[in-house]
Amino acid sequence: MGNRRFSGKVCRSIPALLVCVIIACLLLKHYGTGKSASRSVFAMDTYMELTAYGAEGEEALDRAVLEIRRIDELLSTGNADSEVSRLNAEKEGVLSEDLGYLLERSIEINEMSGGAFDITIYPVMKAWGFAGGEFRVPDDEELSELLAYVDMSRLKYSRESGRLEMPRQMELDFGGIGKGYAAQRVAEVLAEYDIGGAILNLGGNVQIYGSKPDGSEWKIAVKSPDGALPYLGILSFEGFSGGAGSSRAVVTSGGYERYFEKDGEIYHHIIDPRTGKPSDSGLVSATVVCSDGTLADGLSTAIFVMGYDRAVELWRGHKGEFELVLFDEQGKLYVTEGLDGSFASELEYEIIR
Ligand code: AMP
Ligand code: MG
């Protein structure tokens, strides 16, 4: 009797055991033996940290680094041979697939943001010394002359042929969208490898891919604009599954990232295309959470320029496409309702609905 009961239990638990072994084998294959690979890279003027979990983590990150360097070489304004520099010099050309894609996304974000995001801002960036030269404060006359050619609607671009023409005074700067695009591309590249998850921090543009080996949530700190707090809050996300689409970007723009001080005034690197001056919208920091890294990056720059009211209006017109964490000059913190439950902070915050 006793023996029969015992053997019956074994018989019933054999299928369950087999299922467990198969799941364990699959997880082991996917994540390796829980091993992680990581790389530190300096590219696109910033330090980047890449970590991948899985059997092919090393190979995947080697490819990721190559992809980042390839995009940097296309977009770098500091390199006279980059595609963007050649275009800025020649004022016309047939765009590579990457640049054509980025231009189309930039046009879309320019339109969405009512012109707050404008990649033709480069001559103004140069005038302030943010393009590698000496920092200086250009006068109003100089800025108004330069602003006459800050207007993406004056670009002549054919989607069919990929050909771009622009006025001779115009120059492009993909600095507000390039890192997000690189993070997005890396997430796409990682999907070709046997890895379970990855976290990519491209100088504050964070992209998470897949899930963690132990199944715990991804946690991303939202940067704080001042030293008083280590971070504004923590975003937590469950893992994602499903190949290249299984990622999430968290991108923050803030004037505190790059600035100089002159005669007691702070001048930062995100320019309001209406004035040619560092944007003064009342926001100190704008974070965009979105499954599309390119959109997250372009929008974070745009929303920082747009300020609270215009940002909320934009979000209400695009509910479900992206979420926001906004911090203003009064020290008020706001989070859009899609992040309710994913965001935790020691500060009080208001939910935007
Ligand atoms: P981010 O850190 O993503 O907000 O990008 C800031 C960078 O975007 C600057 O360093 C410039 O290269 C570029 N930029 C500045 N102002 C604008 C603007 N209004 N629209 C588009 N790009 C901008
Ligand atoms: Mg940006």
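The text that follows walks through the structure, step by step, so that each part is easy to find. Going along each chain's sequence as written, the residues are numbered from 1 onward. Chains and ligands are labelled sequentially in the order written, the chains with letters from A and the ligands with numbers from 1. Where local features are concerned, this predicted model is filtered to residues with pLDDT of at least 70; where side-chain atom pairs are given and counted, the filter is 80 or more; whole-chain, interface and lining totals use all residues. Here the side-chain values reflect all heavy atoms present in the structure, with hydrogen atoms and water set aside.

**Quick look at the site of ligand 1**
No. 1: Residues in close proximity to ligand 1 total 15 residues, the closest being Asp 118, Asp 173, Ser 253, Ile 271 and Thr 301.
No. 2: Here a nitrogen atom of ligand 1 and a backbone polar atom of Asp 118 are 2.9 Å apart.
No. 3: Within 3.5 Å is the distance limit for a polar contact, defined as a pair of N or O atoms, with the added protein rule that one can donate a hydrogen and the other accept it, and that residues adjacent in sequence qualify only through two side-chain atoms. In the model, an oxygen atom of ligand 1 is placed 3.1 Å from a nitrogen or oxygen of the His 269 side chain.
No. 4: Areas reported here follow the Shrake-Rupley algorithm with a probe of radius 1.4 Å; residue values treat only the protein chains shown as occluding. About the coverage of ligand 1: the protein hides 93% of its 500 Å² of free accessible area.
No. 5: Its residues placed into classes, the shell around ligand 1 shows seven nonpolar, five polar and three charged. Only heavy atoms are used to decide nearness, and a residue is near a molecule or strand if one of them lies within 4 Å of it. Gly is placed with the polar residues, together with every amino acid not listed as nonpolar (Ala, Val, Leu, Ile, Met, Phe, Trp, Tyr, Cys and Pro) or charged (Asp, Glu, Lys and Arg).

**Points about the coordination of the magnesium ion (ligand 2)**
In an ideal tetrahedron of four donors about a metal, each angle is 109.5 degrees. In an ideal octahedron of six donors, the angles are 90 or 180 degrees.
No. 1: Coordinating donors are taken as N, O and S atoms within 2.8 Å of the metal, stretched to 3.2 Å for Na, K and Ca; because water is absent from the atoms, sites can appear incomplete. Coordination sphere of the magnesium ion (ligand 2), protein contribution only: Gly 176 (O), Asp 297 (O), Asp 297 (OD) and Thr 301 (OG1), at 2.1 to 2.4 Å.
No. 2: Mapped onto the polypeptide sequence, the residues donating to the magnesium ion (ligand 2) form the spacing pattern G-x120-D-x3-T. With Asp 297 and Thr 301 both in helix 8 (residues 293–317) and four residues apart, this pair spans about one turn of that helix. Judged on exposure class, the residue Asp 297 and its partner Thr 301 are both buried. Numbered from the N terminus, helices here are DSSP runs of H or I no shorter than four residues, and strands are runs of E no shorter than two. Relative accessibility thresholds used throughout: buried, under 20% of the residue-type maximum; exposed, over 50%; partly exposed, between the two (1.4 Å probe, protein chains only).

**A few points about the packing of aromatic side chains**
No. 1: In summary, the pairing rule links any two rings of Phe, Tyr or Trp, Trp by its six-membered ring, whose centres are within 6.5 Å, and it sorts them by plane angle into stacked for under 30 degrees, edge-to-face for over 60 and tilted for everything else. Applying the stated criterion to the full structure yields 10 aromatic pairs.
No. 2: Centroid distance Tyr 101 to Tyr 181: 5.6 Å. Interplanar angle 35°. Geometry classified as tilted. Taken together, the residues span a long stretch of sequence, with Tyr 101 in helix 4 (residues 97–112) and Tyr 181 in helix 7 (residues 178–190) at a distance of 80 residues.
No. 3: When its relative accessible area of 33% is taken as the criterion, Tyr 101 is described as partly exposed.
No. 4: By relative accessible area, which is 6% here, Tyr 181 ends up buried.
No. 5: Where Phe 135 meets Phe 260, the ring centres are 4.7 Å apart and the plane angle is 10°; that geometry is what we call stacked.

**Concerning the sheet that holds strand 4 (residues 156–157)**
Consider a sheet: its strands pair through backbone hydrogen bonds, and that pairing is either parallel or antiparallel.
No. 1: Read across the open sheet, the three strands follow the order 3-5-4; overall the sheet is antiparallel. Strand pairing shows two members of the sheet lacking a second neighbour, strand 3 (92–94) and strand 4, which therefore form its edges.
No. 2: Any two strands with at least two DSSP bridges between them are considered paired. As judged from the two bridges shared by strand 4 and strand 5 (residues 163–165), these two strands associate in the antiparallel manner. Residue Lys 156 lies in a different strand from strand 5, and its bridge partner there is Glu 165.

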